[in-house]
Amino acid sequence: MLDKTYDAGSVEPAIAKRWEEEDAFAAGANAQTGAEPYCIVIPPPNVTGSLHMGHALNSTLQDILVRFERMRGKNVLWQTGMDHAGIATQMVVERQFAERGEPTRREMGREAFIDRIWEWKAQSGGHIATQLKRLGASCDWSRERFTMDEGLSRAVREVFVSLYKDGLIYRGKRLVNWDPTFETAISDLEVENRETDGHMWHFRYPLADGETYEYVEKDAEGNVTLRETRDYISIATTRPETMLGDGAVAVHPSDERYAPIVGKLCEIPVGPKEHRRLIPIIADAYPDPDFGSGAVKITGAHDFNDYAVAVRNGIPLFRLMDEKAALRSDGEPYAEEVARAKAIREEGGKPDAARVDAINLVPDEYRGLDRFEARRRVVEAITAEGLAVTTTDAEGNSVPFVENRTIMQPFGDRSGVVIEPMLTDQWFADAETLARPALDAVREGRTRIVPENWTKTYYGWMEDIQPWCISRQLWWGHQIPAWYGPDGHVFVERDEETALSAAIQYYIAHGGPMKAFIEDKLENFKPGEILERDEDVLDTWFSSALWPFSTLGWPDDARELKTYYPTNVLVTGFDLIFFWVARMMMMGLYVMDEVPFDTVYFHALVRDKNGAKMSKSKGNVIDPVELVDEYGADALRFTLAIMAAKGRDVKLDPSRVAGYRNFGTKLWNATRFAQMNGAAGGDTFVPEKAKLTIDRWILTELGRTAREVTEALEDYRFNDAAASLYRFVWNQLCDWYVELAKPIFGGDEPYAKRELQSCMAYVLDEAGKLLHPFMPFMTEELWRQTAAERGETRETLACHAPWPEIAFADEEAAAEINWLVEVVSAIRSARAEMNVPPSAKAPLVVVGADATTAERLERHEAAIMRLARVERIEKADEPPRGSVQLVVEEATMCLPLGELIDLDGEAERLSKALAKAEQEVARLEKKLANEKFVANAKPGIVEAEREKLAEAHETRDKLTLAEGRIRQAR
RNA sequence: GGGCGUGUAGCUCAGCGGGAGAGCACUUCGUUGACAUCGAAGGGGUCCCUGGUUCAAUCCCAGGCACGCCCA
């Protein structure tokens, strides 16, 4: 016998153990011979991560699909694993060192540090895999992969080399987002732009050689509002410290105010006066004439917009900061460096990037300062010199003009510090070229995006894709397979040996001094002194992009690769459209020449019950593991599934989880009831042989539900599938079916009882199977226990049970039970309204019943008596005096309640019902009287409306009669 | 500024051209042998506003208002 309540806490681990022992989720488990493959690769969670609600939702949906297809007999693989999360992992481990007072990573060196990360991973990494198991995720855990595994690393090297040789990877000096905490470049997508309080300073850049011009301002009508002679141009900036690296001042070509001075030089008003640099005033479309003064300083090495302007106009890019975003302290004294910069300007032409980058234009007094301290000092110096634009304050004093304004500032999503746009040498992938086939694949429908509206976002991003910076200045990750020769020539090969032979070949062939150098090294057996490996590692997303095929065995000719690639669906949050989807698409098509997945399903974000994004700082994070502890994994899974409507955020309120835990308990108890009545383990039941109406009815509903669930899952409508099951299990199976079964179980018809036992067992089995993908633990446990009760063992686990396909349908039976439900509900409702005590029983007198109703009454007499608390059922030609009269179809059901009846109340109730019926008749008559409706509406609709009208007429007539009777009785 | 989306019961949300629905919450009643993690009955809506299309609009279209998210 089942326990009185289901205890998730003890059942779940036991079931998990069974699944593991029986290898239930191994690739191909339960596959029918020659079965279609079905594969999902998990979007790899981060090795440092722990399960949050997003993962819980994501994994639940994947698991539902995978369990569903496995039960359908497909050859299923849910490939799992984790990515190595370069920055995050390095951060976690370094923090741990700091806490323990251990040496820093630089102190211990690269190799030792990497060893320590592996140690860390073995001890505390991958916590999330354990948590996914608690959720019931039916991945093939034996195939778990890690992006830093040897096989996957080999895939990374192969792809890198191949892309490089195809000209799709190159190295260059570009502006990138620099995280000064981690001292690495990071991706645009790892930068969070936030509004912050900032200042806008206004400074004067004096014109060179004391030049002056007429500065004229006009209003909208063209009237002159200001005319003065100026010997300067004023600019506005939020980042004064970058003035040191200015390469030009830009104005809009149409800006008449500055037209006279375009092409002239002005002086940067900072640094030692005798060495101030002169920079040109250029015309470019970038400055907005209506913003600030209309003139913009151009610092190409520290601002993305400026960078574009500088590149367009051949303005040199002077880098001011080092890896920590402190002002540079390398190079020669300021005076010498300025002279070099001047020389470059005077030479004209396109400046050599490396030569420019070597110039340190930070005045000696500012070298080594933090960027924010430098800002303060620069502002102070300019203001002291009187070159700040001034305004008058409330007391009439002249004060520097500084505006307080909110500015968009970039922050590192992990470090939280202000990101510095910085000119550095990096490796880039030609995303534009790679994106083209990825765009076509979606346009041509080879990959389908669900819900469809995300395709627009996908197109938009892919069409405007920027070069992908793939190098990171980290130690943890795939070191780039690029080696430099003594002259800086780069050799990109899959390993050092190959690179070396390529280098030798290259240098020997090219002759010259390098040839001699190489020959010398080789003669002295010191090949290790020839090449030096690039220190950078690859962006974690580079390896994640290969995930759909690298995990299946690529670059080897693996069987799994042939079977499961392309995979069927990628399930992920829409916030990861650019990370996983875009990159996996690009790499899948480049490497495999085939899309990585047929379908991409985007689910929503999980928010708190008020719709706010969950975040640690807000303190509104709900820990899925805590919910699992409290309510069980099944309850959480069901909640997430039923709330996962397409294109909607999931607002999670823990009370909902409690509600679905109750749902599980309900099913548990209904099964317990069945068991107590000898109904358990329905393997042998044949629906077509059922005779009892309630059996034929519940089988019809079961079939309907099975179809609904199947169709909904095939269409990724998880919420519809779950809702359909909820309705069936609670409102039909556990409610009416069980209630209607009671009189039969308690009665004395052995045949009926036997059929009911096997039918109920069957329906519970099938319902359990349908629920299995949603609530795997409880359904697995019920599956076992219901058989064990009869001393039997199931042939398969529930997770391998065949998915229900029920063709049975009997609409007649369905109509009959609907009628029965209506009769019982009507009586109950009337009793409650009349305040009839629950203990009081009354006879039921039926007037005007036709043959069908008479038959039904006889068949369900016991049920009606029990459920509606009726003493006996009689037929009569006229309703007894003083009865409550209920119209159900053609018949009038009367409850002679004697003095219990409140005649006035009953009269009122009937006239309300009558009014409603008349309203309905009027509405339908009006509609059918409309010639245009009859002429234009589909015939089926018109017919249906006519039938409705006929029914409404009948109801109205019966109610009119009933009302008349009650009036007489008063 | 560009894009996407959302306004339906107190709350969270389904529905989406022909009868306004669910869960939770609320009110009243209930210890009948599956279940109080329950059962019975009930109250509660200008389906954001304004137009348009249509025989018919909560649903389609246009505009507006409000809110959310993403990208500049």
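Use the structure listed above.
A brief look at the structure comes next. (Residues numbered from 1 in each chain as written. Chains lettered and ligands numbered in written order. Predicted model: local features only at pLDDT ≥ 70, side-chain atom pairs only at ≥ 80, totals over all residues. Heavy atoms only, no water.)

Bringing the packing of aromatic side chains into the picture now. In this description, a pair of aromatic rings is defined by centroid distance and the angle of the planes. Evaluation of the coordinates by the stated rule reveals 35 aromatic pairs. With a centroid separation of 5.5 Å and 75 degrees between ring planes, the pair formed by F491 and Y506 is classed as edge-to-face. Note that F491 is positioned in strand β23 (residues 490-492) and Y506 in helix α14 (residues 496-510), a separation of 15 residues in sequence. Chaining the aromatic ring pairs together yields one cluster made of F638, Y660, F663, Y726, W730 and F774. Between the NZ or CZ atom of K133 and the centre of the ring of W141, over which it lies, the distance is 4.9 Å. Sitting above the plane of the Y459 ring, R443 keeps its charged end 5.4 Å from the centroid. (Phe/Tyr/Trp six-rings, centres within 6.5 Å; stacked < 30°, edge-to-face > 60°. Helix = DSSP H or I, 4+ residues; strand = E, 2+ residues; numbered from the N terminus. Lys NZ or Arg CZ within 6 Å of the ring centre and 35° of its normal.)

On the secondary structure map, S153 appears in helix α7 (residues 150-165). A relative accessible area of 7% places S153 in the buried class. Side-chain polar atoms of S153 contact the side chain of H478, separated by 3.4 Å. Those residues within four positions of S153 in sequence are excluded, and the remaining contacts are T147, M148 and H478. (Buried < 20%, exposed > 50% of the residue type's maximum accessible area, 1.4 Å probe, protein only. Polar contact = N/O pair within 3.5 Å; in protein donor to acceptor, adjacent residues only side chain to side chain. Contact = heavy atoms within 4.5 Å.)

Right, let's get into helix α13 (residues 454-463). Among all positions in α13, only W454, T455, Y458 and M462 are buried. Each buried residue of α13 sits inside an arc of 105 degrees when the element is viewed along its axis, so together they form one side. Contacts from the buried residues of α13 go to α12 (431-443), β19 (448-450), α19 (577-592) and β27 (597-603). (Arc of directions from axis to C-beta.)

In the vicinity of RNA strand B there are 43 residues, among which K456, R648, T665, W730 and S829 approach most closely. A distance of 2.6 Å separates a phosphate oxygen of RNA strand B from a polar side-chain atom of W730. With 10 residues, helix α22 (residues 654-676) is the largest single contributor of residues to the surface near RNA strand B. Per-class residue counts for the surface near RNA strand B are 13 nonpolar, eight polar and 22 charged. (Near = heavy atom within 4 Å. Nonpolar A, V, L, I, M, F, W, Y, C, P; charged D, E, K, R; others polar.)

No statement about biological role is implied by the geometric values presented.
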